[in-house]
Amino acid sequence: MSFAHRWRAQALGLAFVIAFLAVAMAVASTGRAAPRPIEPAAAMTATVVLDKSSYLSGDTASATAIVYRTPAPANYTYTWRVRDFLFRVLNQTANGPATFPYPIALTYTGTLRFDVTVNDGQGLVVGSSVQSATVALAYMALGLDRGDYNPGDTISAFYSVASHVITSPTYTYEVDDSAATVVFSGATNNTFFSFTTPKPSSRFYLFRVTATDRGNSTQALATIAQASGFVLGVTFDKPSYVAGDVIHAHLALTARGPASWPSQFRWTLTIGAVTETAITTVAAADFTLTLPAGTGGGGIAVFASEANTGATAIQSVPMGSSGGGGFWSTDVGGAPVYAIVLGLLFLLLLVAVVGLWRQTGGGFGFLHRGTPPPPSEGPMHAPAATPMSVNCRRCGKPIDLTTSRRPIEVMCPSCGETQVVT
């Protein structure tokens with residue numbers, strides 16, 4: 001092969017390779033620019049929500065199925081199941097509603113278990129987790145009129161029954177002391193009873209009330225303890241403060257019930273960012289501290305404590321603005337200045353009103369606008385009592401006029417001259 005032929009063959013081969021690479025790159029770039037979309041896989045979950053966590057025998061329980069499906073909701077059908085504690089089926093309802101009502105039998109007590117199977121009609125069928133609720137024959141409420149007691153106090157107990165079975169109950173009650181000895185008991189149709197604690201008293205008492213109706217019963221318990229410990233009180237010299245004020249605080253302990261007092265008291269008072277401590281041998285302490293400049297308005301929290309008794313107190317002290325709060329927070333003899341100023345203004349107003357009342361002759365006519373006089377009607381001409389007259393232009397003798405109409409032509413009776421009167 002000649003040199004020219006070899007050169008042409010190499011040139012054609014190179015051109016072919018270049019063309020092939022260009023086509024391959026174009027196809028690859030097109031594939032990257034427009035990838036084929038991937039359809040998401042359909043998925044679905046179901047959850048059961050009960051309207052209550054516990055029911056009475058005879059109630060109607062309500063269970064709602066909440067279904068989440070992706071990519072979009074569908075037309076669901078529901079199959080409901082209700083089981084007892086041993087998972088025995090009590091009810092199974094196919095093609096039920098999204099919210100399923102279940103009437104509980106009057107004779108049933110124990111646990112109910114609800115679950116649902118959901119079919120979206122497009123091939124997905126899922127079951128929910130089980131939701132449980134307890135069922136009781138009755139629920140009883142019992143409350144005491146106080147949180148603790150001192151020896152000799154009278155404690156009142158109040159109670160009621162919620163039930164579809166125990167509808168006309170009679171009540172029996174008893175009070176047990178800390179040694180489990182019955183110290184008070186009785187029966188009643190009322191919904192309350194009272195117990196007076198002896199002196200000395202037990203450390204605590206247990207109140208037990210039982211409601212009975214046609215062989216069915218339920219009961220409730222409540223415990224109350226004798227008052228003990230200490231109460232820490234905090235008082236201040238003013239009702240409110242502003243930044244820079246000096247605060248005088250008094251802390252005092254009060255024993256609740258029998259108490260063992262320490263020989264020494266360790267106090268701490270914190271107001272904002274200021275903390276003071278003190279040690280006393282009596283159950284009280286006085287603090288004097290200054291609020292730092294820049295303390296904000298509104299209110300500031302006060303924390304007080306006594307270490308040896310463990311008593312604490314938290315209180316809020318009103319704060320005014322430092323610019324204008326001094327006037328409003330100033331007292332004179334325990335009364336706020338602004339109240340005194342308002343009282344003086346009221347007295348001045350009352351004196352002014354009384355003075356005006358006396359000037360008006362004992363009445364309040366100055367408070368009412370008088371009736372204005374009727375407006376002037378302008379000049380009026382009184383009608384003539386006698387006939388009017390004019391003088392004749394010819395002879396000068398008077399000519400009587402018998403009418404007020406104008407213009408009018410008249411004739412002189414003396415000379416017969418006629419003239420027009422306007």
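Asks: Where do I start with the overall build of the protein in this structure?
Replies: Counting secondary structure elements, the protein contains three helices and 30 strands. Taken across its 422 residues, the protein has 28% of its residues classed as buried. Of the contacts made within the protein by residues no fewer than 6 positions apart, 53% connect residues no fewer than 24 positions apart. Accessible surface, the protein: about 26600 Å² in total, of which carbon and sulfur atoms supply 59%.

Asks: Help me understand the sheet that holds strand β13 (residues 170–176) in this model?
Replies: Sheet strands pair by backbone hydrogen bonding; their relative direction is either parallel or antiparallel. Across the sheet, five strands lie side by side as β11-β17-β16-β13-β14; this open sheet has mixed pairing. Because the sheet does not close on itself, it has two edges, and the strands there are β11 (148–149) and β14 (182–188).

Asks: Please explain the nonpolar core as it appears in this structure.
Replies: Core analysis: the biggest nonpolar cluster contains 25 residues, and Leu232, Phe236, Leu251, Trp267, Leu269 and Ile271 have the highest contact counts within it. Residue assignment for this core shows that the elements contributing at least two residues are β18 (230–236), β19 (246–255), β20 (265–271), β22 (284–290), β23 (298–306) and β24 (311–319). Those residues within four positions of isoleucine 271 in sequence are excluded, and the remaining contacts are Phe236, Ile247, Leu289, Leu291, Ile300, Ala301 and Val302. Counting residues in each nonpolar core, the second largest holds 24 residues, with Leu50, Ala74, Tyr102 and Leu112 among its members.

Asks: Sorry if this is basic, but what is going on with the sheet that holds β23 here?
Replies: In space, the four strands of this open sheet follow the order β21-β20-β23-β24, with antiparallel pairing throughout. Taken across any chain shown, the strands that pair with only one partner, and hence form the sheet edges, are β21 (274–280) and β24. Recorded for the sheet is a direction-independent mean angle of 15° between the axes of neighbouring strands. The pairing of β20 with β21 spans seven bridges and is antiparallel. Looking at the pairing, isoleucine 271 lines up with valine 274 of β21.

Asks: How do you make sense of the packing of aromatic side chains when you look at a structure like this?
Replies: In this description, an aromatic ring pair is defined by two values, namely the gap between the centres and the angle between the planes. Summed over all chains, the structure comprises 17 aromatic pairs. In textbook terms, an aromatic cluster arises when at least three aromatic residues are bridged by ring pairs, as seen for Tyr149, Tyr159, Tyr171, Tyr173, Phe184, Phe193, Phe195, Tyr205 and Phe207. Sitting over the face of the ring of phenylalanine 87, arginine 113 holds its NZ or CZ atom 4.3 Å from the ring centroid.

Asks: What is the right way to read a nonpolar patch on the surface from this model?
Replies: A surface patch of nonpolar side chains, amounting to about 650 Å² of accessible area, comprises Ile340, Leu344, Phe346, Leu347, Leu350, Val354 and Trp357. Assignment of secondary structure puts phenylalanine 346 in helix α3 (residues 337–359). Overall, the relative accessible area of 54% leaves phenylalanine 346 in the exposed class.

Asks: How should I be thinking about the side chain of aspartate 213 in this particular structure?
Replies: With respect to the helices and strands, the residue aspartate 213 is situated in strand β16 (residues 204–213). Judged by its relative accessible area of 7%, aspartate 213 is buried. Here serine 168 takes part through its backbone nitrogen, which lies 3.1 Å from a polar atom of the side chain of aspartate 213. Aspartate 213 has contacts with Val165, Ile166, Thr167, Ser168 and Pro169, leaving out every residue within four places of it along the chain.

Asks: Just to check I follow, could you spell out the side chain of aspartate 115 for this structure?
Replies: Relative to the assigned elements, aspartate 115 resides in strand β7 (residues 110–119). The exposure class of aspartate 115 is buried, given its relative accessible area of 6%. At 2.8 Å, the side chain of aspartate 115 and the side chain of arginine 81 are in polar contact. Leave out the neighbours within four places in its chain, and aspartate 115 touches Val48, Thr79, Trp80, Arg81, Arg83, Ser128, Ser129 and Val130.

Asks: Please clarify how the pattern of salt bridges should be interpreted in this entry.
Replies: Oppositely charged side chains are able to pair whenever their charged atoms sit close together. Summed over the entire model, instances satisfying the criterion amount to twelve salt bridges. Notably, a salt bridge pairs aspartate 213 with arginine 214, separated by 3.1 Å at the nearest N-O pair. Put simply, Arg81, Arg83 and Asp115 are held in one network by salt bridges that share partners.

Asks: Before we go on, may I ask you to explain the confidence of the model for the protein in this structure?
Replies: For the protein, the average pLDDT comes to 84, and 79% of its residues sit at 70 or higher. In this model residues 375–386 is a low-confidence stretch, pLDDT under 50, and it forms zero contacts with partners more than four residues away in sequence or in other chains.

Asks: Could you clarify how one ought to interpret the pairing of strand β9 (residues 131–136) in this entry?
Replies: Look at any regular strand and the pattern is simple: side chains alternate between the two faces of the sheet. Of the strand pairs in this sheet, strand β2 (residues 54–56) and β9 are connected by three bridges, and their pairing is parallel. Within β9, the residue paired with leucine 56 across the bridge is alanine 136. In terms of strand pairing, β7 meets β9 through five bridges, oriented antiparallel. Residue glycine 110 lies in a different strand from β9, and its bridge partner there is valine 135.

Asks: Quick question: what am I supposed to make of the state of the cysteines here?
Replies: Working definition of a disulfide: a covalent bond connecting the sulfur atoms of two cysteines. Following the criterion strictly, the structure yields zero disulfides and no others. For cysteine 412, which is in no disulfide, the shortest distance to another cysteine sulfur is to cysteine 395 and amounts to 3.5 Å.

Asks: So what exactly am I meant to see when it comes to unusual backbone geometry here?
Replies: If a residue is not glycine, its phi is most likely negative; likewise, a peptide bond is most likely trans. Cis geometry is adopted by the peptide bond preceding proline 71, which originates at threonine 70 and carries an omega value of 15°. Mapped onto the elements of the fold, proline 71 is located in the loop between β3 (60–70) and β4 (77–83). Of the consecutive residues lysine 199 and proline 200, the connecting peptide bond is found in the cis state with omega at -5°. By secondary structure assignment, the location of proline 200 is in the loop between β15 (192–196) and β16. The phi angle at alanine 180 is positive, at roughly 65°, despite the residue not being glycine. With respect to the helices, strands and loops of the structure, alanine 180 is situated in the loop between β13 and β14. A positive phi angle, near 55°, is found at arginine 214, a position not held by glycine. In this fold, arginine 214 is placed in the loop between β16 and β17 (216–226).

Scoring rules and cut-offs
Residues numbered from 1 in each chain as written. Predicted model: local features only at pLDDT ≥ 70, side-chain atom pairs only at ≥ 80, totals over all residues. Heavy atoms only, no water. Helix = DSSP H or I, 4+ residues; strand = E, 2+ residues; numbered from the N terminus. Buried < 20%, exposed > 50% of the residue type's maximum accessible area, 1.4 Å probe, protein only. Contact = heavy atoms within 4.5 Å. Areas by Shrake-Rupley, 256 points an atom, 1.4 Å probe, with all protein chains shown as cover. Pairing = 2+ DSSP bridges. Core = buried A, V, L, I, M, F, W, Y, C linked by side-chain atoms within 4.5 Å. Axes fitted to C-alpha atoms, helices over the stretch in contact; angles between N-to-C directions. Phe/Tyr/Trp six-rings, centres within 6.5 Å; stacked < 30°, edge-to-face > 60°. Lys NZ or Arg CZ within 6 Å of the ring centre and 35° of its normal. Patch = residues over 30% accessible without salt bridge, like charges linked within 9 Å, V, L, I, M, F, W, Y side chains within 5 Å. Salt bridge = Lys/Arg side-chain N within 4 Å of Asp/Glu carboxyl O. Polar contact = N/O pair within 3.5 Å; in protein donor to acceptor, adjacent residues only side chain to side chain. pLDDT = per-residue confidence, 0-100. Disulfide = S-S within 2.5 Å.

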